[in-house]
Amino acid sequence: MRHTDYVIAPSILSANFAALGEEVANVIASGADWIHFDVMDNHYVPNLTIGPLVCEAIRPCTIAPIDVHLMVKPVDRIIPDFVKAGANIITFHPEASEHVDRSLSLIRDGGCQAGLVFNPATPLDYMDYVLDKIDVVLLMSVNPGFGGQKFIPGTLVKAKQARAKLDAYERESGRRIRLEIDGGVNATNIAEIARAGVDAFVAGSAVYGAGKNSDPHRYDSIIGALRGELLAVGCP
Ligand code: DX5
Ligand code: ZN
């Protein structure tokens, strides 16, 4: 992993879609680790975004992992399309899949890392019997569907509970599962979120909203600020 073991994953939901390739390359050049790719279907969530064709189009723009967050129902039909489109990590909401274990296997059989996403009110128990098939747990700190919402503070307690489950699993299996957070993350709250046990941070509006000029290095200072806050917290 580059920089530290913390992952910063800008969400391209808040990027300039007319220049998406550059937007992807620029955040990685500024020190981001993953590209977070939000897929919404106007059915599971009340918004419509991008699909496998766009994933395929941005794939040559970076060697950084593409972290596909599926907010679609059903999930299984579309998973192989994202595998083919070059995704590295694919996460989905367990409520959107009739067969969570099967969906996880579909992702891993395609050679990608797999993860479950927990809405603010979704209990963490969904992960209990499938930890061996999970590489990432993604906690929503807003209700899914839109960028630019406010961080829900109760997510910090939930993050500590999730971290405890994942640490217990690591002690028994030797395998570390990442804990990622998505929604309302910025330079003011990222340290507190890291202290709750999170080690991967999605940030959409905080990153892309900070780069309004045309300088290719316009994201250096925001990603530097996020990274600086994490360095002050220490290792995950
Ligand atoms: C919301 C998406 C998020 C969103 C985060 O449903 O999953 O990834 O882009 O945006 P910010 O960081 O603006 O809350
Ligand atoms: Zn997301």
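Above this note sits the structure.
In short, a report on the structure.

The rules behind each value
- Residues numbered from 1 in each chain as written.
- Chains lettered and ligands numbered in written order.
- Predicted model: local features only at pLDDT ≥ 70, side-chain atom pairs only at ≥ 80, totals over all residues.
- Heavy atoms only, no water.
- Helix = DSSP H or I, 4+ residues; strand = E, 2+ residues; numbered from the N terminus.
- Buried < 20%, exposed > 50% of the residue type's maximum accessible area, 1.4 Å probe, protein only.
- Contact = heavy atoms within 4.5 Å.
- Pairing = 2+ DSSP bridges.
- Right-handed = clockwise from strand over helix to strand, strands pointing away.
- Donors = N, O, S within 2.8 Å, 3.2 Å for Na, K, Ca; no water.
- Tetrahedral: all angles 85-135°; square planar, octahedral: opposite > 155°, others 65-115°.
- Core = buried A, V, L, I, M, F, W, Y, C linked by side-chain atoms within 4.5 Å.
- Near = heavy atom within 4 Å.
- Polar contact = N/O pair within 3.5 Å; in protein donor to acceptor, adjacent residues only side chain to side chain.
- Areas by Shrake-Rupley, 256 points an atom, 1.4 Å probe, with all protein chains shown as cover.
- Nonpolar A, V, L, I, M, F, W, Y, C, P; charged D, E, K, R; others polar.
- Disulfide = S-S within 2.5 Å.

### Considering the side chain of Arg-218
Now for step 1: Secondary-structure assignment places Arg-218 in the loop between helix H7 (205-208) and helix H8 (220-233).
Now for step 2: The exposure class assigned to Arg-218 is buried, which follows from its relative accessible area of 14%.
Now for step 3: Leaving out residues up to four positions away in the same chain, Arg-218 has contacts with Glu-23, Asn-26, Ala-210, Gly-211, Lys-212 and Asn-213.

### Regarding the pairing of strand E8 (residues 200-203)
Now for step 1: Residues Ala-200 and Val-202 point to one face of E8 and Phe-201 and Ala-203 to the other, with burial holding for every one of them.
Now for step 2: Sheet topology note: the strand E1 (residues 7-10)/E8 ladder contains four bridges and is parallel. If you follow Ala-9 over to E8, its bridge partner there is Val-202.
Now for step 3: Examined bridge by bridge, strand E7 (residues 178-182) and E8 share three bridges and lie parallel to one another. For Ile-181, the partnering residue across the bridge sits in E8 and is Phe-201.
Now for step 4: Of the crossover connections in this fold, the one passing from E7 over helix H6 (residues 190-195) to the parallel E8 is right-handed.

### With respect to the coordination of the zinc ion (ligand 2)
Now for step 1: Surrounding the zinc ion (ligand 2) are the protein donor atoms His-36 (NE2), Asp-38 (OD), His-69 (ND1) and Asp-182 (OD), at 2.0 to 2.3 Å.
Now for step 2: Considering all six donor atoms around the zinc ion (ligand 2), angles at the metal cover 69 to 170° and the coordination shape is octahedral.
Now for step 3: Counting the intervening residues between successive donors of the zinc ion (ligand 2) yields the motif H-x1-D-x30-H-x112-D.
Now for step 4: Judged by its relative accessible area of 5%, Asp-38 falls in the buried class.

### What about unusual backbone geometry?
Now for step 1: Here the bond from Lys-73 into Pro-74 is cis, since omega is -5°, no more than 30 degrees from zero.
Now for step 2: Inspection of the secondary structure assignment puts Pro-74 in the loop between strand E3 (66-71) and helix H3 (79-84).
Now for step 3: Of note, Asn-42 is a non-glycine position whose phi angle comes to about 55°, a positive value.
Now for step 4: Along the chain, the position of Asn-42 falls in the loop between strand E2 (35-40) and helix H2 (52-58).

### Focus on the environment of His-217
Now for step 1: Within the secondary structure layout, His-217 lies in the loop between H7 and H8.
Now for step 2: A sequence separation of 195 residues divides His-217 from Glu-22, and the C-alpha atoms of the two residues are 11 Å apart.

### What to know about the nonpolar core
Now for step 1: Counting residues in hydrophobic clusters, the biggest one holds 72 residues, and the most contacted among them are Ile-12, Phe-37, Val-68, Leu-70, Phe-82 and Phe-201.
Now for step 2: Top contributing element to this core by residue count: helix H5 (residues 155-173), with five residues.
Now for step 3: When near neighbours in sequence (up to four residues on either side) are disregarded, Phe-201 contacts Tyr-6, Val-7, Ile-8, Ala-9, Ile-181, Val-185, Ile-190, Ile-193, Ala-194 and Leu-230.

### Describing the site of ligand 1
Now for step 1: Taken together, 20 residues are adjacent to ligand 1, and Asp-38, Gly-148, Asp-182, Gly-204 and Ser-205 come closest.
Now for step 2: One of the side-chain N or O atoms of His-69 is found 3.2 Å from an oxygen atom in ligand 1.
Now for step 3: A distance of 2.8 Å is found between an oxygen atom of ligand 1 and a backbone nitrogen or oxygen belonging to Gly-184.
Now for step 4: When ligand 1 sits alone it has 380 Å² of accessible area, and the protein chains cover 100% of it.
Now for step 5: Among the secondary structure elements, those contributing two or more residues to the shell around ligand 1 are E2, E3 and E8.
Now for step 6: Partitioned by chemical class, the residues of the shell around ligand 1 number eight nonpolar, ten polar and two charged.

### Observations concerning the state of the cysteines
Now for step 1: Taken as a whole and assessed by the stated rule, the structure comprises zero disulfides.
Now for step 2: For the unlinked cysteine Cys-55, the closest cysteine sulfur is that of Cys-112, found at 8.8 Å.
Now for step 3: For Cys-55, a relative accessible area of 0% gives the class buried.

### Remarks on helix H4 (residues 100-109)
Now for step 1: All of the buried residues in H4 are Val-100, Ser-103, Leu-104, Ser-105 and Ile-107.
Now for step 2: Elements that come into contact with the buried residues of H4 comprise H3, strand E4 (89-92) and strand E5 (113-118).
Now for step 3: Of the residues one or two after H4, Gly-111 is the one with positive phi, at around 90°.

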